[in-house]
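Structural overview for review
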Amino acid sequence: MSISKVIVTGGANGVGRALVRRCLDDGMTVIACDIDEPGLKALADEHAGRPLDTHVCDVADHAACDAFMDRVLADHPDVDGLVNNAGLYLGQPVWDYDDPTMERVVGVNVMGPIWLSRRFAGHLLPEKRRGAIVNLSSVAGEVGSSDALYGTVKAGVIGLTKSNAMNFAPYIRVNVVSPGLIVNTAIADRIPGYRYAEYKRQEQLDGDILPEDVANVCAYLLSDHSKTLTGSLLRADNGCYPR
Ligand SMILES: NC(=O)c1ccc[n+]([C@@H]2O[C@H](COP(=O)([O-])OP(=O)(O)OC[C@H]3O[C@@H](n4cnc5c(N)ncnc54)[C@H](O)[C@@H]3O)[C@@H](O)[C@H]2O)c1
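Residues numbered from 1 in each chain as written. Predicted model: local features only at pLDDT ≥ 70, side-chain atom pairs only at ≥ 80, totals over all residues. Heavy atoms only, no water.

On to the environment of Lys 200. With respect to the helices, strands and loops of the structure, Lys 200 is situated in helix 8 (residues 193–202). On the accessibility criterion, Lys 200 (27% relative accessible area) is partly exposed. Setting aside its immediate chain neighbours within four residues, Lys 200 contacts Leu 181, Gly 207 and Asp 208. (Helix = DSSP H or I, 4+ residues; strand = E, 2+ residues; numbered from the N terminus. Buried < 20%, exposed > 50% of the residue type's maximum accessible area, 1.4 Å probe, protein only. Contact = heavy atoms within 4.5 Å.)

Now the structure itself:
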């Protein structure tokens, strides 16, 4: 069963923006949320007339996630897909973090996906409805990061994926995408120069990893072509850091 109505967090830019387009092109209804209000407006204008619903929602805010899901479940009770794509990478050493900033990075990258996944599954499972969740991790969650907070949260996303795959079986498939360095994104712009060069040096394939390339892997995990996969990690990384 391919997904017909999907929530995409962080839909205003980068991978999320590319995925919104890909899902619309595939015939899905898309519900996109972001904290970037002008970005959401531009997204809505770009896709005027298509089945796209946009919402401002800070996924690090539990109450905002609940209010967002209340609206989505009221307006789209047949929603069957969730992509936890919104991410925050500050690219700084652990010494430079204060507690509120640490909480923010954990909130955006881990707590948001936990809260949204729980609401989503809580809606589908009582009726034994089928669905799919795709989470966004990173090569940094597998091999480590010069930003310890980011390495920690992205490893957490992999654990969350495997655990939710177990908890939400057999009705909701839960998988994770682990991209390498994605060019033309705000996150890539924040990677320290020496780490950026090292990621590129590690890649075995030539050519850049584009937001659209990562969106394509997400779309596969939403589609029926991946119907045997749950708890799986798929990479979009040009073969960097073979592992
Ligand atoms: N860019 C890379 O090189 C790279 C590499 C590996 C993994 N990733 C992961 O891929 C995902 C997409 O990254 P991207 O490169 O498209 O990043 P991006 O910064 O281009 O886009 C992220 C989007 O998330 C939104 N966002 C940030 N905080 C939010 C919040 N609290 N609530 C709602 N929306 C919020 C931003 O406004 C933005 O629109 C992220 O989870 C990221 O960690 C990125």
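There's more to say after this.
Turning our attention to the nonpolar core. The biggest cluster of nonpolar side chains holds 40 residues, and the ones touching the most others in it are Ile 7, Phe 68, Phe 120 and Ile 172. Contributing elements (two or more residues each) for this core: strand 2 (29–34), helix 3 (62–75), helix 4 (99–124), helix 5 (139–143), helix 6 (148–167) and strand 6 (172–179). Residue contributions to this core peak at eight residues, all from helix 4. Sequence-distant contacts of Phe 120, that is, excluding residues within four places in its chain, are made with Met 69, Val 79, Asp 80, Gly 81, Leu 82, Ala 132, Ile 133 and Ile 172. Among the nonpolar cores identified, the runner-up in size contains 31 residues, and Met 28, Val 83, Val 134 and Val 214 belong to it. (Core = buried A, V, L, I, M, F, W, Y, C linked by side-chain atoms within 4.5 Å.)

Below, the discussion takes up the pattern of salt bridges. Applying the stated criterion across every chain yields a total of 16 salt bridges. Between Arg 22 and Asp 26 there is a salt bridge, with the nearest N and O atoms lying 2.9 Å from each other. Under the relative-accessibility criterion, Arg 22 is labelled partly exposed at 28%. For Arg 119, the salt bridge identified is with Asp 66, shortest N-O distance 3.2 Å. In this pair, Arg 119 is assigned in helix 4 and Asp 66 in helix 3, connecting sequence segments 53 residues apart. The partly exposed category is assigned to Arg 119, whose relative accessible area is 25%. One salt-bridge network, held together by shared partners, links Glu 142, Arg 235, Asp 237 and Arg 243. (Salt bridge = Lys/Arg side-chain N within 4 Å of Asp/Glu carboxyl O.)

Because an α-helix completes one turn every 3.6 residues, residues spaced three or four positions apart along the sequence face the same direction. The end-to-end C-alpha distance of helix 9 (residues 211–222), which contains twelve residues, comes to 17 Å, matching closely the 16 Å that a straight helix rising 1.5 Å per residue would cover. If you check which residues of helix 9 are buried, you get Pro 211, Val 214, Ala 215, Val 217, Cys 218, Ala 219, Leu 221 and Leu 222. Tucked inside the fold, the buried residues of helix 9 contact strand 1 (5–9), helix 1 (14–25), strand 4 (81–84), strand 5 (131–136), strand 6 and strand 7 (233–236). (Expected span 1.5 Å × (residues − 1).)

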